[in-house]
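These are the residues of each chain, in order.
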Amino acid sequence: AQSVTQPDIHITVSEGASLELRCNYSYGATPYLFWYVQSPGQGLQLLLKYFSGDTLVQGIKGFEAEFKRSQSSFNLRKPSVHWSDAAEYFCAVAHNFGNEKLTFGTGTRLTIIP
Amino acid sequence: GAGVSQSPSNKVTEKGKDVELRCDPISGHTALYWYRQSLGQGLEFLIYFQGNSAPDKSGLPSDRFSAERTGGSVSTLTIQRTQQEDSAVYLCASSPEWGVGTEAFFGQGTRLTVV
């Protein structure tokens, strides 16, 4: 069965500093990978997704993620965080066909300090 | 509104009672999903609909859980004889078409508390 691991439960970063959130997946076939963000009191919002092709994908709000098959990773990065980036971030993987239910990681809570 | 709407936003119920949670997807979206977000469990897939049919109900935790969708639009998730472990945020999402990777738009969820 597919699974997603986000090893960091909580990360604290200073405003303006760079950010990397880790995500590792376990899936036998080509994965379809996603990053979602959940701000307090808000629904989940898609940041970016990877299906194939260029392993570095750009998303909204200045985020990017790199797919590394050899490491089974899909880490999320941002060169300079803003206070508004404080939220919970979820990595997810989907089946490649048949249905598209998402398997989510347990999330990483990001705190931004001035 | 333009987004996925869920009602109620909060529900407190007594153990053993039945509850209904409603989801209004974005107009025209053919696919609809239910997820559950629990402390310590993360986000858990429950069921999805393609139109009014639910090809995969494997995520429903028990036979106390059921869901339906009518008119290819509104969906209702029903939990019978609620238990304390059912306490969670229930999220609904919809997407404009079938297929992997089609972006799913999430509602803000219904927070269910069973006392």
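Here the structure is shown first, and the text comes after it.
Just so we're clear, the structure is a prediction, and the values are computed from it rather than from any experiment.

Asks: Please explain the overall build of chain B as it appears in this structure.
Replies: If you tally the helices and strands in chain B, you get zero helices and 11 strands. Tracing chain B from N to C terminus, the helices and strands come up as β-β-β-β-β-β-β-β-β-β-β. For chain B, the C-alpha radius of gyration of 13 Å lies close to 13 Å, the compact-globule estimate for 115 residues. In terms of overall dimensions, chain B has a C-alpha envelope of 40 × 30 × 30 Å along the principal axes. Here chain B, with 115 residues, has 50% of them falling under the buried criterion. Across chain B, every contact between residues at least 6 apart in sequence was considered, and the portion connecting residues at least 24 apart equals 53%. Side-chain charges of chain B comprise 10 positive and 12 negative groups, with the mean position of each set lying 6 Å from the other.

Asks: Before we go on, may I ask you to explain the layout of surface pockets in this structure?
Replies: Vacant regions in the atomic arrangement are exposed by a probe of water-molecule size rolled over the atoms. Space inside the largest pocket adds up to approximately 780 Å³. Forming the walls of the largest pocket are 31 residues, and the residues nearest its centre are A:Gln38, B:Gln37, B:Leu39, B:Val89 and B:Arg111. Elements represented by at least two residues in the lining of the largest pocket include exactly strand S10 (87-94) of chain A together with strand S4 (31-38), strand S9 (88-95) and strand S11 (110-114) of chain B. In terms of residue count, the dominant contributor to the lining of the largest pocket is S11(B) (four residues). Class assignment for the residues of the lining of the largest pocket results in nine nonpolar, 19 polar and three charged.

Asks: I tried to follow the sheet that holds strand S1 (residues 5-7) of chain B on my own but got confused; where do I start?
Replies: Strands belonging to one sheet form pairs held by backbone hydrogen bonds; the direction of such a pair is parallel or antiparallel. Residue and element names in this part refer to chain B. Taken together, the four strands give an open sheet; going across it, the order is S1-S3-S8-S7, and neighbouring strands pair in antiparallel fashion. Of all the strands in the sheet, the pair left with one neighbour each is S1 and strand S7 (65-69). Between one strand and the next, the sheet's axes are offset by a mean angle of 15 degrees, whatever the strand orientation. Across three bridges, the pairing between S1 and strand S3 (residues 19-24) is antiparallel. Across the sheet, residue Gln6 finds its bridge partner in S3, namely Cys23.

Asks: Before we go on, may I ask you to explain the environment of B:Thr30 in this structure?
Replies: All names here are of chain B. Relative to the helices and strands, Thr30 is located in the loop between S3 and S4. Separated by 66 residues in the primary sequence, Thr30 and Pro96 place their C-alpha atoms 5.6 Å from one another. Among the polar contacts made by the side chain of Thr30, one reaches the main-chain carbonyl oxygen of Pro96 at a distance of 3.4 Å.

Asks: Sorry, what's going on with the packing of aromatic side chains here?
Replies: Centre-to-centre distance and the angle between the planes together describe a pair of aromatic rings. With the rule as written, the count across this model stands at 16 aromatic pairs over all chains. Centroid distance A:Tyr36 to B:Phe106: 5.5 Å. Interplanar angle 80 degrees. Geometry classified as edge-to-face. With A:Tyr36 in strand S5 (residues 32-38) and B:Phe106 in strand S10 (residues 105-106), this pair bridges two chains. Here A:Tyr36 falls in the buried class, since its relative accessible area comes to 1%. On the basis of relative accessible area, B:Phe106 is assigned to the buried category, the value being 10%. A ring pair is formed by A:Tyr50 and A:Phe67, whose centres lie 4.5 Å apart and whose planes are at 25 degrees; its orientation type is stacked. Taken together, the positions of A:Tyr50 in strand S6 (residues 44-50) and A:Phe67 in strand S8 (residues 64-68) put the pair 17 residues apart, joining distant regions of the chain. The rings of A:Tyr32, A:Phe34, A:Tyr36, A:Phe51, A:Phe90, A:Phe104, B:Tyr33, B:Tyr35, B:Phe45, B:Tyr48 and B:Phe106 are connected pair by pair, giving a single aromatic cluster.

Definitions and limits used
Residues numbered from 1 in each chain as written. Chains lettered and ligands numbered in written order. Predicted model: local features only at pLDDT ≥ 70, side-chain atom pairs only at ≥ 80, totals over all residues. Heavy atoms only, no water. Helix = DSSP H or I, 4+ residues; strand = E, 2+ residues; numbered from the N terminus. Rg over C-alpha atoms; globule rule 2.2 N^0.38 Å. Buried < 20%, exposed > 50% of the residue type's maximum accessible area, 1.4 Å probe, protein only. Contact = heavy atoms within 4.5 Å. Lys, Arg positive; Asp, Glu negative; His and termini not counted. Charge placed at Lys NZ, Arg CZ, Asp CG, Glu CD. 1 Å grid on protein atoms, 1.4 Å probe; cavity = no way out; pocket = protein on both sides within 12 Å on 5 of 7 lines; lining within 4 Å. Points joined across faces, edges and corners; volume = space filled by probe spheres on them. Nonpolar A, V, L, I, M, F, W, Y, C, P; charged D, E, K, R; others polar. Pairing = 2+ DSSP bridges. Axes fitted to C-alpha atoms, helices over the stretch in contact; angles between N-to-C directions. Polar contact = N/O pair within 3.5 Å; in protein donor to acceptor, adjacent residues only side chain to side chain. Phe/Tyr/Trp six-rings, centres within 6.5 Å; stacked < 30°, edge-to-face > 60°.

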